[in-house]
Amino acid sequence: MQEEKKRFIQEFVPGKQVTLSHLIANPDLALFQKLGMIESGAIGILTLTPSETVIIAADLATKAANVSIGFLDRFTGSLVLVGSVSEIDVAMGHINTFLSEQLGYTTSRITKS
């Protein structure tokens, strides 16, 4: 008896969400050099959907804490923040809280390494 093959199709359906919130504390200098960014105490990485949300997130971050935008891509939803560990933590927390409470986004826990 011949076994029937099954085919699965996977789709990405973006919702209103923060898919990644990660804080890198005290990264190696080489990481900053490879990314072409000024050395700082920490790097905050976020990915958001819809991708234009990074514009809102960057504005929230720079108003909530003393952080700089290391990278922002409104087409992929990627945002990289640089600053001290505590300032990045405050900025990322503010982004998650605002997006969740004011805009109804699903947020991710801020992970740290």
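If you're wondering where the values come from, they're calculated on a predicted model, not measured in any experiment.

Cut-offs used in this document
- Residues numbered from 1 in each chain as written.
- Predicted model: local features only at pLDDT ≥ 70, side-chain atom pairs only at ≥ 80, totals over all residues.
- Heavy atoms only, no water.
- Helix = DSSP H or I, 4+ residues; strand = E, 2+ residues; numbered from the N terminus.
- Rg over C-alpha atoms; globule rule 2.2 N^0.38 Å.
- Buried < 20%, exposed > 50% of the residue type's maximum accessible area, 1.4 Å probe, protein only.
- Contact = heavy atoms within 4.5 Å.
- Areas by Shrake-Rupley, 256 points an atom, 1.4 Å probe, with all protein chains shown as cover.
- Lys, Arg positive; Asp, Glu negative; His and termini not counted.
- Charge placed at Lys NZ, Arg CZ, Asp CG, Glu CD.
- Salt bridge = Lys/Arg side-chain N within 4 Å of Asp/Glu carboxyl O.
- Pairing = 2+ DSSP bridges.
- Axes fitted to C-alpha atoms, helices over the stretch in contact; angles between N-to-C directions.
- Parallel < 35°, antiparallel > 145°, perpendicular 65-115°, else oblique.
- Left-handed = near helix turned anticlockwise from the far one by under 90°.
- pLDDT = per-residue confidence, 0-100.

Colleague: In this structure, what is going on with the overall build of the chain? I would like to understand it.
Modeller: Helices and strands together make up the secondary structure of the chain, namely three helices and five strands. Taking 2.2 N^0.38 as the reference for a compact globule, 113 residues should give roughly 13 Å; the C-alpha atoms of the chain span a radius of gyration of 17 Å, well beyond that estimate. Counting the 113 residues in the chain, one finds 35% classified as buried. Expressed as a percentage of contacts within the chain between residues at least 6 apart in sequence, the contacts between residues at least 24 apart total 59%. Total accessible area on the chain stands at roughly 7400 Å², and carbon and sulfur atoms take up 53% of it. Of the charged side chains in the chain, 9 are positive and 11 negative; the average position of the first set lies 6 Å away from that of the second.

Colleague: So what exactly am I meant to see when it comes to the pattern of salt bridges here?
Modeller: Side chains that differ in sign of charge can pair as their charged atoms come close. Throughout the structure, instances matching the rule amount to two salt bridges. As a salt-bridge pair, D59 and K63 come within 3.1 Å of each other at their nearest N and O atoms. Residue D59 and its partner K63 are both found in helix α2 (residues 53–64); the two are separated by four residues, about one turn of the helix. You can call K63 exposed: its relative accessible area is 65%. Between D89 and K112 there is a salt bridge, and its shortest N-O distance comes to 3.4 Å.

Colleague: Could you clarify how one ought to interpret the sheet that holds strand β1 (residues 17–25) in this entry?
Modeller: Working definition: the strands of a sheet are paired by backbone hydrogen bonds and lie parallel or antiparallel to each other. With mixed pairing, five strands are arranged side by side in an open sheet as β3-β4-β2-β1-β5. Both edges of this open sheet fall to β3 (68–73) and β5 (111–112), since each of them pairs with a single strand only. Direction of pairing for β1 relative to strand β2 (residues 42–49): antiparallel, over a ladder of eight bridges. Opposite L23, over in β2, you have G44 as the bridge partner.

Colleague: I would appreciate a short explanation of the packing of α2 against helix α3 (residues 85–103) in the present structure.
Modeller: Packed helices, taken two at a time, are described by the angle their axes make and the gap between the axes. With their axes 8 Å apart at the nearest point, α2 and α3 run at an angle of 125° to one another. It follows that α2 is oblique to α3 by the angle criterion. When the axes of α2 and α3 are compared, the crossing they make is right-handed. In contact with T53, I56, A57, L60, A61 and A64 of α2, α3 contributes V90, A91, H94, I95, F98, L99 and L103.

Colleague: Help me understand the confidence of the model for the chain in this model?
Modeller: In regions of low pLDDT, the predicted coordinates are not meant to be interpreted in detail. In this model, the chain carries an average pLDDT of 90, and 92% of its residues clear a pLDDT of 70 or more. Confidence, read as mean pLDDT per element, is least for helix α1 (residues 29–35) in the chain (89) and greatest for α2 (97).

Colleague: How do you make sense of the pairing of β1 when you look at a structure like this?
Modeller: In the sheet, β1 pairs with β5 via two bridges, with the strands oriented parallel. Counted as the bridge partner of H22 is T111 from β5.

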